[in-house]
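Reading the structure
This is what each chain is made of:
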Amino acid sequence: MWRELLPVGRSAATGGYRRHAWTGADAECRAWFREQAEARGLAYETDRNGNQWAWLGGSGGSGGAAGDAVVTGSHLDSVPDGGAFDGPLGVVSAFAALDELHGRGVRPARPLAVVNFADEEGARFGLACVGSRLAAGQLTAEQARELRDDSGVSLPQAMERAGHDPDAIGPDPERLARIGVFVELHIEQGRNLAADGPPAADGADTASAGGRAVGVASAIWPHGRWRFDFHGEANHAGTTRLEDRRDPMLTYANTVLAARKKARLAGALATFGKVAVEPNGVNAIASLVRGWLDSRAPDEETLAAVVAEIERSAAERGVRDGVRVAVTRESATPVVEFAHGLRDRIAARLGGAPVLPTGAGHDAGILSAEIPTAMLFVRNPTGVSHSPAESAQEDDCVAGVRALADVLEDLACP
């Protein structure tokens, strides 16, 4: 399975993956998912929001008791030039875990399903976890229809071009009511599980995190995305005196530095990772610089305070530079505490697996407001993620599959 997915959407220039939602590479990944489902005799279906499902013992759209299904999976799309493991490891491991259960002769008493959530990364339309947000009602159909990529293509247009009917997008309470629990396996985005990594900092079970192949998630930090628009005045780079300039690039650069400082002082994270410039000429002073801030913190109060400080720094520097600053919050996700009983049950089932927090958002976090969810992390020796350098050892991936199979057996065979 892994070898089949490896070349899909991979850039020959960077080695990174560009599997953006509703593109050709994404379509190849979705076709692969369907092939895997049908090869195992699983009931395949796509829901109203483009999420793919493969069912063993029932289907999400019909039959079965409320709250009886055990679901696992992740996503197959990527960030720009992303790594091979973020998302696909969870989907590949889900199918492999079903194979493992079959090999053990396990007969689940509850329906099992593998899911591929659409557009988890938000690389194309700027909002993460679109498929799961729509299903959970955290993104309305009207809001989704307003999403556009950098070329002006709307989400419904992209879905339709990819062969999916966008008219039905929206909340899917009937499907969620069928799910009793969702467990997502993911590569760790950090180094707490590495033998020489830092000790985990969440809860009493984390002291021995280093050197373990598999961990269990405790919580997801609150996080969000903000767009900063720096409005200046276009002018000639070779003839405009420095004192006569209203250069938004200066204000933007100062804000990037301020974001790093404010986050460090508060024990938070702040990153300007995307920027657009107009008119974007080498010999022209910019008229507009637009930068996107990603910020995360251990709690919502700290997150709000850090972003407010960054906004204040931007506004103050804007006054000095003659630049108008406007800030728009594009998304915000509150802190996620995974169901404690489920978390502790899984950690115990895995022989006292370490319990770790994360600053990364996931579909499991979105769904946690509606159903019990949990996450397994597979050791990442370098901690690098959202990069072609992202990696995991084969032995650790196999350990992740076996751990996931153990958890599914425990949950589906009470």
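Here goes a summary of the coordinates provided. On a predicted model such as this, the values are computed, not experimentally measured, just so you know.

Thresholds applied
Residues numbered from 1 in each chain as written. Predicted model: local features only at pLDDT ≥ 70, side-chain atom pairs only at ≥ 80, totals over all residues. Heavy atoms only, no water. Helix = DSSP H or I, 4+ residues; strand = E, 2+ residues; numbered from the N terminus. Contact = heavy atoms within 4.5 Å. Areas by Shrake-Rupley, 256 points an atom, 1.4 Å probe, with all protein chains shown as cover. Lys, Arg positive; Asp, Glu negative; His and termini not counted. Charge placed at Lys NZ, Arg CZ, Asp CG, Glu CD. Buried < 20%, exposed > 50% of the residue type's maximum accessible area, 1.4 Å probe, protein only. Pairing = 2+ DSSP bridges. Axes fitted to C-alpha atoms, helices over the stretch in contact; angles between N-to-C directions. Core = buried A, V, L, I, M, F, W, Y, C linked by side-chain atoms within 4.5 Å. 1 Å grid on protein atoms, 1.4 Å probe; cavity = no way out; pocket = protein on both sides within 12 Å on 5 of 7 lines; lining within 4 Å. Points joined across faces, edges and corners; volume = space filled by probe spheres on them. Nonpolar A, V, L, I, M, F, W, Y, C, P; charged D, E, K, R; others polar. Parallel < 35°, antiparallel > 145°, perpendicular 65-115°, else oblique. Left-handed = near helix turned anticlockwise from the far one by under 90°.

Moving on: the overall build of the protein chain. Of regular secondary structure, the protein chain possesses 12 helices and 15 strands. Reported as C-alpha extents along the three principal axes, the dimensions of the protein chain are approximately 80 × 50 × 40 Å. Counted over contacts in the protein chain with a minimum sequence separation of 6, partners at least 24 positions apart contribute 75%. Carbon and sulfur atoms provide 50% of the accessible area of the protein chain, an area that totals close to 17,600 Å². For the protein chain, the centre of its 42 positive side-chain charges and the centre of its 56 negative side-chain charges are spaced 3 Å apart.

To continue, consider the pairing of strand S15 (residues 373-378). Burial of S15 is extensive: 6 of the 6 residues sit out of reach of the surface. Alternating positions in S15 separate into two faces, Thr373, Met375 and Phe377 on one and Ala374, Leu376 and Val378 on the other, with burial throughout. Direction of pairing for strand S5 (residues 179-187) relative to S15: parallel, over a ladder of 6 bridges. In the sheet register, leucine 185 faces S15, and the bridge partner there is leucine 376. With 3 bridges joining them, strand S6 (residues 214-220) and S15 adopt antiparallel strand pairing. Looking at the pairing, glycine 215 lines up with phenylalanine 377 of S15.

Note: strands within a sheet are paired through backbone hydrogen bonds, in either parallel or antiparallel orientation. Here 4 strands make up an open sheet; going across it, the order is S9-S11-S7-S12 and the pairing antiparallel. Looking along the sheet, the strands with just one partner apiece sit at the ends: strand S9 (269-278) and strand S12 (324-333). Looking at each pair of strands side by side, their axes are set apart by 20 degrees on average, direction ignored. Contacting strand S7 (223-231), S9, strand S11 (288-296) and S12, helix H8 (residues 248-266) crosses the sheet at an angle of about 170 degrees to S9. Sitting on the sheet, helix H9 (residues 300-321) touches S7, S9, S11 and S12, and the angle it makes with S7 is about 5 degrees.

This brings us to the nonpolar core. The nonpolar side chains of soluble globular proteins are, as a tendency, buried together. One finds Val183, Ile346, Leu350 and Leu376 to be the most contacted residues of the largest nonpolar core, which totals 49 residues. Those elements that place two or more of their residues in this core are helix H2 (24-39), helix H3 (88-104), strand S4 (112-116), S5, S6, helix H10 (340-349), S15 and helix H12 (394-412). Those residues in contact with isoleucine 346 that sit more than four places away from it in its chain are Val183, Val216, Ala374, Leu376 and Val407. In terms of nonpolar packing, the next biggest core, distinct from the first, is built from 25 residues, Trp55, Val336, Leu356 and Phe377 among them.

In this structure, the second largest pocket encloses a volume near 430 Å³. Along its surface, the second largest pocket is lined by 15 residues, and Trp2, Val92, Glu394, Cys397 and Val398 are the ones closest to its centre. Among the residues making up the lining of the second largest pocket, the classes are represented as 10 nonpolar, 2 polar and 3 charged.

Where H10 contacts H12, the two axes come as close as 10 Å, and the packing angle between them is 120 degrees. As summarised for this structure, H10 and H12 are arranged oblique, according to the angle between their axes. Both H10 and H12 take part in a crossing whose hand is right-handed. Taken together, the residues of H12 that come into contact with H10 (itself represented by Leu342, Arg345, Ile346 and Arg349) are Asp406, Val407, Asp410 and Leu411.

Moving on, we get to the environment of alanine 84. Residue position: alanine 84 is located in the loop between strand S3 (69-74) and H3. Alanine 84 gets classed as buried once you look at its relative accessible area, which sits at 13%. As for alanine 84 and leucine 350, which are separated by 266 residues in sequence, their C-alpha atoms are 26 Å apart. Ignoring anything within four residues of it in the chain, the contact list for alanine 84 reads Trp2, Leu6, Tyr17 and Glu390.

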